[in-house]
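# Structure assessment
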Amino acid sequence: MIGRLLLVRHGVTTWNREGRFQGHLDPPLDPLGELEARAVAQRVVREFPGDIAVASSPLQRAVATAAILRESLAADGRPVDVQLEPGLMELGQGAWEGRTHADLAATDGERYRAWVATSGWHEPPGGEPATAAATRAVQAVRGLLAQVDAGSAETLCCVSHGGILRLIAGRLTGAPDHDAWGLEVDNASLSVLERTASGWRIALWNDTSHLAPELPADDRRAEGSPRAL
């Protein structure tokens with residue numbers, strides 16, 4: 001039975017740097033994002049022995065991160081296929097996808113300021129409600145856990161996005177969606193949930209120690225807030 005769930009956020013993209021809403025749109029990792037993905041992959045290989053099942057959001061920034069993890073596991077003698085799971089996609093951001101925070105503050109100020117005041121909890125115009133996204137993401141994770149439980153792996157790694165990873169952790173540990181939304185999730189961070197007799201608990205959250213000091217400093221810390229979608 002799966003006793004450990006690894007939650008990995010994709011590496012940084014140019015849109016992350018620009019403060020641009022991504023949502024269901026599909027920008028790729030930038031060169032630093034690829035280095036970040038390699039760093040978190042090497043950490044997973046180093047710290048988590050045994051069979052690991054890997055699932056990913058189908059958006060390319062997550063797929064590329066998961067592919068680097070797959071390569072690292074294969075080099076360690078642990079070949080694995082990456083299962084693409086639509087339920088792990090980021091929250092849809094509706095009419096704000098592709099737009100920057102600065103642009104929205106200038107051109108859609110009233111709605112944008114209301115959104116910021118609630119820490120991003122209320123969806124943008126035409127966006128996906130966080131409660132609905134939490135439901136479909138956790139359904140996906142529970143389905144993956146059931147699949148993997150039938151095999152030999154003891155660890156499931158889900159490569160996904162900041163908003164969705166917050167909500168998955170909240171639902172699995174019993175936290176209200178609104179409270180979970182306040183968790184920080186940096187690019188290429190590693191979080192670990194462990195299964196106990198009473199349910200899931202967070203053993204490690206938003207750890208990026210594998211990114212320093214080898215990688216140059218960037219703005220990824222500021223991107224941890226719910227504004228980074």
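This text follows the structure it describes.
Our subject in this report is the structure included herewith. (Residues numbered from 1 in each chain as written. Predicted model: local features only at pLDDT ≥ 70, side-chain atom pairs only at ≥ 80, totals over all residues. Heavy atoms only, no water.)

## What to know about helix 2 (residues 31–47)
The condition is simple: Helix and strand definitions here come from DSSP, where helices need a minimum of 4 consecutive H or I residues and strands a minimum of 2 consecutive E residues; each element is numbered from the N-terminal end. By this rule, a helix spans an expected 1.5 Å times one less than how many residues it contains. Note on contacts: a residue pair is in contact if any heavy atoms of the two residues lie within 4.5 Å.
An ideal rise of 1.5 Å per residue puts 24 Å on 17 residues; helix 2 measures up with 25 Å between its terminal C-alpha atoms. Where helix 2 is buried, its residues meet strand 1 (4–9), helix 1 (14–18), strand 2 (52–56), helix 3 (60–75), strand 5 (190–196) and strand 6 (199–207).

## Brief notes about the pattern of salt bridges
Any two side chains of opposite charge can pair, given that their charged atoms come close. Put simply, the rule is: Salt bridges are defined as contacts in which a side-chain nitrogen from Lys or Arg sits within 4 Å of a carboxyl oxygen from Asp or Glu. For each residue, the accessible area found with a 1.4 Å probe, counting protein chains only, is set against the maximum for its type, and the residue is called buried under 20%, exposed over 50%, and partly exposed in between.
Taken as a whole and assessed by the stated rule, the structure comprises 11 salt bridges. Arg17 is paired through a salt bridge with Asp30; the nearest N and O atoms lie 2.8 Å apart. One end of the pair, Arg17, is in helix 1; the other, Asp30, is in the loop between helix 1 and helix 2, and 13 residues separate them in sequence. Given the relative accessible area of 7%, Asp30 is considered buried. Connected via shared salt-bridge partners are Arg43, Glu47 and Asp207.

## Concerning unusual backbone geometry
With a phi close to 60 degrees, Ala188 is a non-glycine residue in the positive phi region. Turning to its location among the elements, Ala188 is positioned in the loop between helix 8 (177–180) and strand 5. Ala188 sits in the buried class, given a relative accessible area of 0%. Positive phi outside glycine occurs at Asn206, with the angle close to 55 degrees.

## Digging into the packing of aromatic side chains
Where we set the bar: Stacked, edge-to-face and tilted labels apply to pairs of Phe, Tyr and Trp rings (six-membered ring for Trp) whose centres lie within 6.5 Å, assigned for plane angles under 30 degrees, over 60, and everything in between, in that order.
Enumeration according to the criterion identifies six aromatic pairs in this entry. Taking the centre distance of 6.0 Å and the plane angle of 55 degrees together, the rings of Trp96 and Tyr112 count as tilted. Taken together, the residues span a long stretch of sequence, with Trp96 in the loop between strand 3 (82–84) and helix 4 (101–107) and Tyr112 in helix 5 (residues 109–117) at a distance of 16 residues. With relative accessibility at 6%, the residue Tyr112 sits in the buried group. Through a chain of ring-to-ring contacts, the aromatic side chains of Phe21, Trp96, Tyr112 and Trp115 assemble into a single cluster.

## Observations concerning the nonpolar core
Generally speaking, a soluble globular protein has its nonpolar side chains buried in company with each other. Counted only if it meets this: By convention a nonpolar core is built from buried Ala, Val, Leu, Ile, Met, Phe, Trp, Tyr and Cys residues, the set being connected through side-chain atoms within 4.5 Å.
Membership of the largest hydrophobic core comes to 37 residues, with the highest contact counts inside it found for Leu5, Leu7, Leu156 and Ile168. Listing elements by their share of this core, those giving two or more residues are strand 1, strand 2, helix 5, helix 6 (130–149), strand 4 (155–160), helix 7 (162–173) and strand 6. A total of nine residues in this core trace back to one element, the largest contributor, which is helix 6. Look past the residues within four positions of Leu156 in its chain and what remains in contact with it is Ile2, Arg4, Leu5, Leu6, Ala53, Leu144, Leu145 and Val148. Among the nonpolar cores identified, the runner-up in size contains 21 residues, and Ala66, Ile68, Cys157 and Leu190 belong to it.

## Side note on helix 3
Its 16 residues give helix 3 an end-to-end C-alpha distance of 22 Å, which sits within 8% of 22 Å, the value for a rise of 1.5 Å per residue. Of all the positions in helix 3, only Arg61, Ala62, Thr65, Ala66, Ala67, Ile68, Leu69, Ser72 and Leu73 are classed as buried. Residues of helix 3 that are buried in the fold lie against strand 1, helix 2, strand 2, strand 3 and strand 4. Immediately downstream of helix 3, the backbone of Gly77 shows phi near 80 degrees, a positive value.

All quantities given are derived from atomic positions and should not be read as evidence of function.
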